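Chain by chain, the residues:
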Amino acid sequence: MKVDRKKQIVDAAGKSFALFGYKATSMEQIAKLANVGKGTIYTFFNNKEDLLHYIMEDLINEMRVAAEETFEAGLSFHENVHRAIYKMLEYRLKHQLAIKLFEEAKFGTPEVVEALNNFEEAIINYITNILKQAIEAGDIRPCNPRITAFAILKVYVGLVFDWEKNNPSLSKEELAELLDLYIFQGISANH
């Protein structure tokens, strides 16, 4: 059985970033955790930042697949969007690496801030594509899908993370109701 060195390196880096953070992780640590020589890492990645980008792309793809699995043909557009967004945010919240990186971003580590901006951009692009399809299908009225995707994400993040800092958590049903009130009634094709 062939050993997948790249996977060993990626797994080790993910574990180290999740435990110690990006800034506190060294290439030596990653090599030791992966049980490879430090030079082996450089055959796959130019530097620690490339490794972080690779891991974040993998995380984005996993999250996208998880969100797409929530779609059901019989549900309304906004029910499906709510389920997909909630799944993406839930995934982000539960993923240990993402949690550590969000904590580290508060301290302004440039590479982490950039990686998380790419993460947010991927979510916005995903929602934008869903909105474009809904506009074409007549499920929602014409709007700027990118701005609307940004607004949906920010409302969701505000209600899920910021609200819960000083208030009780909202249930999925409450979140769906609020998103319906603040966003979907405004872009509904029926208004």
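Rules used throughout
- Residues numbered from 1 in each chain as written.
- Predicted model: local features only at pLDDT ≥ 70, side-chain atom pairs only at ≥ 80, totals over all residues.
- Heavy atoms only, no water.
- Core = buried A, V, L, I, M, F, W, Y, C linked by side-chain atoms within 4.5 Å.
- Buried < 20%, exposed > 50% of the residue type's maximum accessible area, 1.4 Å probe, protein only.
- Helix = DSSP H or I, 4+ residues; strand = E, 2+ residues; numbered from the N terminus.
- Contact = heavy atoms within 4.5 Å.
- 1 Å grid on protein atoms, 1.4 Å probe; cavity = no way out; pocket = protein on both sides within 12 Å on 5 of 7 lines; lining within 4 Å.
- Points joined across faces, edges and corners; volume = space filled by probe spheres on them.
- Salt bridge = Lys/Arg side-chain N within 4 Å of Asp/Glu carboxyl O.

Enquirer: An account of the nonpolar core is requested, with residue identities and associated values reported.
Expert: Ile30 and Ile127 are the most contacted members of the largest nonpolar core, which has 57 residues in total. The element that contributes the greatest number of residues to this core is helix H7 (residues 110-137), accounting for 12 residues. Apart from the residues lying within four places of it in its own chain, the contact partners of Ile30 are Ile9, Ala12, Ala13, Phe17, Thr25, Ile41 and Leu51.

Enquirer: An account of the environment of Pro168 is requested, with residue identities and associated values reported.
Expert: Structurally, the position occupied by Pro168 is in the loop between helix H8 (145-162) and helix H9 (172-187). Between the alpha carbons of Pro168 and Leu51 there is a distance of 37 Å; along the sequence they are 117 residues apart.

Enquirer: Give a description of empty space enclosed by the protein that names residues and reports values.
Expert: All chains considered together, the criterion is met by 1 cavity of 30 Å³ or more. In this structure, the largest cavity occupies an estimated 30 Å³ of space. As for the largest cavity, its lining consists of Ile60, Met63, Arg64, Met88, Ala122, Ile123 and Tyr126. Put simply, the parts of the chain that give the lining of the largest cavity at least two residues each are helix H4 (48-68) and H7.

Enquirer: Got a sec to walk through unusual backbone geometry? Specific residues and values, please.
Expert: With a phi angle near 60 degrees, Asn35 is a residue other than glycine that sits in the positive phi range. Along the chain, Asn35 turns up in the loop between helix H2 (27-34) and helix H3 (38-44).

Enquirer: Explain the pattern of salt bridges residue by residue, including any values.
Expert: A full pass over the atoms with the stated rule returns 5 salt bridges. The salt bridge partner of Glu28 is Lys38, with a shortest N-O separation of 2.5 Å. Pair noted here: Glu28 is in helix H2 and Lys38 is in helix H3, with a separation of 10 residues, a long-range link. Under the relative-accessibility criterion, Glu28 is labelled partly exposed at 44%. Arg146 is paired through a salt bridge with Glu121; the nearest N and O atoms lie 2.7 Å apart. With Arg146 in helix H8 and Glu121 in helix H7, this residue pair connects regions lying 25 residues apart in the sequence. For Glu121, a relative accessible area of 30% puts it in the partly exposed group.

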